[in-house]
Structure formats: C-alpha cells, structure tokens
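Residues per chain, in single letters:
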Amino acid sequence: MSNRIDFKEENSNTSDNPSFDSVLQTRLSRRGLLRGSMGTVGTAVLGGMGLSACGGGSEEVVALAPPATPVPPAPVAPAATMLGFTAVSRSLADTVIVPAGYTASVLYALGDPLTAATPAYKNDGTDADFENRAGDHHDGMEWFGLDANGKPSTSATERGLLAMNHEATTDEKLSSFFIHVNGGTSTLPRPALEVDKEVAIHGVSVVEVKKTGGQWSTVQGSAFNFRLTPLSDIELSGPARGNALMVTKYSTNGTRTRGTLNNCGTGKTPWGSFLTGEENWAGYFFRNATDDAARGNDKSVTSLKRYGRSQGAASRHGWETGGTADNYARWNNSKLGASVDGSDDYRNELNTMGFVVEVDAYDKTRTAKKRTALGRYAHESAAFSVPVAGKPLAVYMGDDSRGEYIYKFVSAANWDAADASPISAMATGDKYLDSGKLYVAKFSSDGSGQWVELSITNATIASYAGYAFANQGDVCVNARLAADAVGATKMDRPEWCGVNPANGEIYFTLTNNSNRNVNPSSSSQVAPDSANPRVYTDMKGATAQNGNPNGHILRMKEGAAGSAATSFTWDVYAFGAQSDADASKVNLSNLTSDNDFSSPDGLVFSPSTGVMWIQTDDGAYTDVTNCMMLAAMPGTQGDGAKKTLSYTRTDGSTLAVDTYVGKAPTASTLKRFLVGAKACEITGLCETPDGKAIFVNIQHPGETTLMADIADPTKYTSQWPSNAGYGAGKRPRSATIVITKNDGGKVGT
Ligand code: FEO
Ligand code: CA
Ligand code: CA
Ligand code: CA
C-alpha cells in the first residue's frame, strides 16, 4: 500500500553511497505510435462456486490486435495468438473486472476453513481459530500440482495446491479491523484475544484446489492443507545458523526461530518447493526508549537503526502488550536480561526475521527453513535464473524500501537436472540455497552494471567503518550494511522480480519513490540517476506527489557467464505514468488509456504463454482507477534508445541524466487485463501448467474503511467479495480468484 507510509515502507538508508554523475549526451528521440483508445467491454467477477459463465460471452472477444512484437521461441506460444482480448478500462467500481470472454470466480477468502472441523466463516468479527483458516492480505502465490493419486505432479492441471502468503492485516490505528466485532482496540495494551487473532492471520497457507464439472473449488479438510504463522517453529539454515547474532531465549544456540512474518512475494524452486519472502517485519517489534544505552550503544544499535527499528518507536499492532507470556514478550526486542549472549530475552529477535523461507508445500510435517545465505532485508519475490545443467543457479531479489538495493544469490552447487524431482525438497534446498555468493547491484550511466559480492573476505566490507562485521553470517544478517559498504545503487523501491523464461532477462518492478529529489536535502533523499532517472510532480486531485510517484520496470541482461556473471546490461522496460502525462519527461513509454499504470509491484512470467503479468499496488493514480493487472509481451533488453533527462537544480546548475528507455509498448504488446475492487492491491499470480487457469490475489479491498463505520456496511469503502456473491456478511475480505477463458483457451490469448 503506497498511500500510507508507516510500517509498510520504512526508510532507513541514510548511507552516503554516491549516485554517479551522469554525462550529458545527445538526446536521441524515440517515439512509438500513440494508439487510440480501444473499445472496452469488461466482465465483472463472479463469486461463489457453481456459477455459470459470465455475461461477457466468448463471442464478444475479437482479436483486434495486429501480431505482437516477435518474441523468442518455445516455450512461448506463437506471438499472433497473444493478448487477443480487448483491454479493460480504468475503473473505480467496487468489482473485479476481466476482459469480455473471460470468467473470474472467487475461490478462497480470508477466514475460509481449512480443516473439516472448522466452522464456516461468519464474517461478523466473531470468528476464531484462524490457525485453521485462510489468513489475511493474500499476497504472492505458487501452484503445486497433484496427480489423481495425490502425488506431486508437474503436469497436473485439475488438482493442486495453492501455497500463498498472508502478508499483513489492517492497522487498527488507521482504520477498521474487520476480524474484530467492533473493529479492534486502538489503544494500548491490546487485548490478548485480539492479538492472538491478528498473529494467526499472518504467515502462509497451503490449500488444496480442484476442478470439478468445470468449476474450481478449495478442498476443506484436505490432508494437504496447513498454515504457518508467526508462532510456527522454523529452522535457521545457511551461514547465519548458530551465529551469535541469532541467540534468543527461544533458541539459545541460534538455530531456530518462531514464525515467519509479513510474507510478501514468493518464488518456486526448480526442485518444486515454495519460497516466501519476509518484507516489512521490523515494524512489528517494540524497543524500549532507553534500549540504545541498555545495549551499551554497541553495533547492534547500528544494525537496528539500519533495519528501521529506532528505540522507543511504537510497534505496528502493540502485540508486545498482549500479556506477559513468552509469545507476547517476543515482540519486545529490547535488551531486558542480564546475559551477555542474549539467551534470556529477545534482544536478537529481529535478526531472525527478514529472510527468504523455504517451505515444502507438499509435506506439512517438514520444518520450514530460513535461507540466510540469501541475505536479510525487506524481501519481495525470489526469481530463479533459467536452470542450466552444470551451471550454478541464480536467485534474484529486491529489498522494498525507499533507496534500497537489488541483490542476487549464486549457488555454489551446479544444477543437476535430476534434482527437478527430488526425494526430499528441503535437503535439495540445503544443497542449492545454503552455500553460494550473495551479490548486490551497482548500475552505471552507460547502461552497464556490476554485481558486487558481499563477502567478509572483501576488505571494503571487513574494514567498513560503519559496522564491524564479525563473519559471513554477520554479512548475511546485515546485508544492507554490507551493501552500503560497497556503494550499491539506491533504487526506487525494488518489489517483485521475474525472469523471462524465453531468454533469461530479469525484470524488476521499482514501485515508486517519494525520496527521489533533484535537490536532496536530507540523508534519505537521493538525486535521480540513470537507473532511477525520473523526478516529477503528479497531481492527485489537489495533492502534489513528488519524486517518482508512478514507478518503472527495470530490465537486466546477464553477461556472458550467465547466472554467475558479475556484470550485466540494463534498460527500463517501461515507465509507469498516466497516459496524459508529459511524454518528454514522464510518460516516456507512451502509455495509452488502455495500458497506463502506476506503481508496478507484482511481476510474474507465465511459463505456459510467456505473458509477463504486471500488478499494481498504487496510491498515486487511484483517483482515476483502482489497482490493476496488465498482460505484456516484453521485448528484449536494449530494444529501445538512450534518452537524456535534464533537470535544473535550485542553484541554477543542470543535472543531466542519461537513461535507456526500452522500445515503447504498443496496444498489442501491453494491455490492461483486470481492474480490482475499491481500495485493494492486486498481487500474486500462478497458473495451471496448461495456462488455462490463473489464480490471482485481491488484497485488502476496503482497507480505507474508518473504525467509526464498522457497524454500518453502507459506509465500507468496499463490500467485495460479498457483493460478488461470495460468502456471508458484508465485510470486505482479501481473496484468491481464479480466471479462465470461456472458450477453454489459455489465459492471456
Ligand atoms: Fe508487500 Fe513491497 O509489497
Ligand atoms: Ca495524477
Ligand atoms: Ca509487493
Ligand atoms: Ca507495494
């Protein structure tokens, strides 16, 4: 959620990493043809199972688009068949709209029961037992197929598991908690019963889904179903396992921790396990106002500040006030005990959060593992390089806060194709994700870039004046500080990344950055640079939004060494903008009313069709349209041209920034496919292997509802999905929808 900055987007990179100076170059003009608006006939989402096909029949779908930009060969379908649907118009309606000829149905919403014994969700604030229900704020999601015998299958298309993140819940201090009868207690101490429910709706769920008689449904009572919550026992793995930084009262040898938290983007390993990224976890913890002194102002204070937890800051929900029992005490991250090593309190608890966590979605008896080698920061997705036998695997990852960095991990082990069907997914994870090299990205103004290894053997890190690293485990736990040391490039909030299966190119959404400024006036502001080149003002009604309010999508191509390369080239696939913005400074990708977007966040490639799905989590363009999902047939890195943006500083000098703008998308290569309900974010996508069903999450519809309005459904800012016919009550709920094409074809054609 971009329109409220509190615990979701902390801002703690005050490092003085230089932004490189840009050299004025001859401006090369590049223009794609502006296309007129196409007629848009949308289809609203249907709720509930067993509903028949929607009113927008397949006969309404006309392949108006000319052949798409040529795309690379298999596994991508022929270009002429892609994006044949009619673009969905921008919308402020409280409904989910998909193109004519498609049907979307609600499948799995907050509170839906997972076990046979769990009662149906009443949706009136009285429900309990959330450890056995769908959690809140559905986010990243992956598909795990099951054959008719219930065995893992990479080809099954009508039965499988959805593994998904439940990122967060509404903030009681800002608006209404729909899981509490009266909207929740917004003062401290928080009642234990409220805290218990709120904790339990965070984490991960795995739910079986199946298609019967042409309709998808969840399988209540499936033996596969399970939840992970912030109280589940989880193992620490990799370089930080057993490190002194990980010692807590819960695990005095630093090998385990309790729970996974603020799970945002996801990934799926080539060996068939689920990866979940812990994003804005820091804000859930409390520190006493005098904790810096209690710690003797040691290096842990430097680390805590760098990760956004200054002493005395309020925690997001006040969970530490729920009681004296250990499951509440663990949310107080202060040094309270007398021990030297932290084994008698939770002063080190934050060090056990902020990782990519591997989960065996097929086997709930396997303990999940935090893969510390991939670094600790505000994780979004984890996208693998295209596996090549005999070569290492790369995992690409972003750190979503203003001015944070882009990372990759390269496995020490070379890929063995036999591991695609592992006997034990978690042991295979040990092989590829516990040993390797962690890199951070530095972007240059000439369109190249470097991956800089974050290693304790690097003298720049080992002798860094800002923080005394003890060992490689410390480097992984304090990856942000190690990246500061080597001068990584501050980015405009890296969210999801995805790898184009056709050519291995890497796409990163950079969602927005209010701290990008031509005249930086504080340590957190940063001047525009080539990879983050825009600074402008966008009006939202009467409110000026400054910096890079609409975000952009960066594209990277590895050097000759592929996954193990230490250099890359890059450009910008597309800049977010409203279509009527200045095409010379803001709407650099010539977006039209059929494909303009703001604040890209989710980004997932379809292995079946090659479509790149782009999802938005926006607060800038939401005066015009609810958040959305677009389908793209992307080109290739370097298919556009250099452009120089020129800014005048307050002292009258000129700042010229070279950037590289990808070939402008056209009406046939980028098209709006879906617009969501009011006050929601669109996030998370997976598909059946035949590409004929996609699953998408609608997160936090109606979250702007005020606490005072909890008793009056007519004042809810959204009533979705109840207004689509799904479930009891009128309180809005995060939910998974399934989208199919009425003619049985692949989604996105
Ligand atoms: Fe959970 Fe950065 O989005
Ligand atoms: Ca605007
Ligand atoms: Ca996100
Ligand atoms: Ca976001």
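Since the model is a prediction, treat every value here as computed from it, not as a measurement.

Caption draft 1: Fine view of the overall build of the chain. A count of helical and extended segments in the chain gives eight helices and 34 strands. A separation threshold of at least 6 residues defines the contact pool for the chain, and within that pool the share at least 24 residues apart is 69%. In the structure as shown, the chain presents an accessible area of about 23800 Å², 53% of it carried by carbon and sulfur atoms.

Caption draft 2: Quick look at the sheet that holds strand 3 (residues 102-109). Spatially, the four strands line up as an open sheet ordered 3-34-33-32, and their pairing is antiparallel. Two strands bound the open sheet, and with one partner strand each, they are strand 3 and strand 32 (681-687). Strand-to-strand twist across the sheet, computed as the mean angle between neighbouring axes with direction ignored, equals 25°. Note: strand 3 against strand 34 (residues 735-741), seven bridges, orientation antiparallel. Bridge pairing links T103 to T740 in strand 34.

Caption draft 3: Region of interest: the pattern of salt bridges. Applying the stated rule across the entire model yields 40 salt bridges. The shortest N-O distance in the salt bridge between D291 and R287 comes to 2.9 Å. In this structure, E495 engages R493 in a salt bridge whose closest nitrogen and oxygen atoms are separated by 3.6 Å. Linked through salt bridges whose partners overlap, the residues forming this network are R287, D291, D292, R295 and K305.

Caption draft 4: The sheet that holds strand 11 (residues 263-268), seen in detail. Strand order across the open sheet formed by six strands is 10-9-14-13-12-11, with mixed pairing between neighbours. Edge strands, defined here as strands with exactly one partner in the open sheet, are strand 10 (256-258) and strand 11. For this sheet, the mean angle separating the axes of adjacent strands, direction not counted, is 35°. Sheet analysis places strand 11 next to strand 12 (residues 274-278), joined by four bridges and oriented antiparallel. Note on strand 12: the bridge partner recorded for T266 is T276. On top of the sheet, helix 5 (residues 425-433) reaches strand 9 (233-237), strand 12, strand 13 (356-359) and strand 14 (369-371); it is set at about 15° to strand 14, its chief contact.

Reading the values: rules and limits
- Residues numbered from 1 in each chain as written.
- Chains lettered and ligands numbered in written order.
- Predicted model: local features only at pLDDT ≥ 70, side-chain atom pairs only at ≥ 80, totals over all residues.
- Heavy atoms only, no water.
- Helix = DSSP H or I, 4+ residues; strand = E, 2+ residues; numbered from the N terminus.
- Contact = heavy atoms within 4.5 Å.
- Areas by Shrake-Rupley, 256 points an atom, 1.4 Å probe, with all protein chains shown as cover.
- Pairing = 2+ DSSP bridges.
- Axes fitted to C-alpha atoms, helices over the stretch in contact; angles between N-to-C directions.
- Salt bridge = Lys/Arg side-chain N within 4 Å of Asp/Glu carboxyl O.

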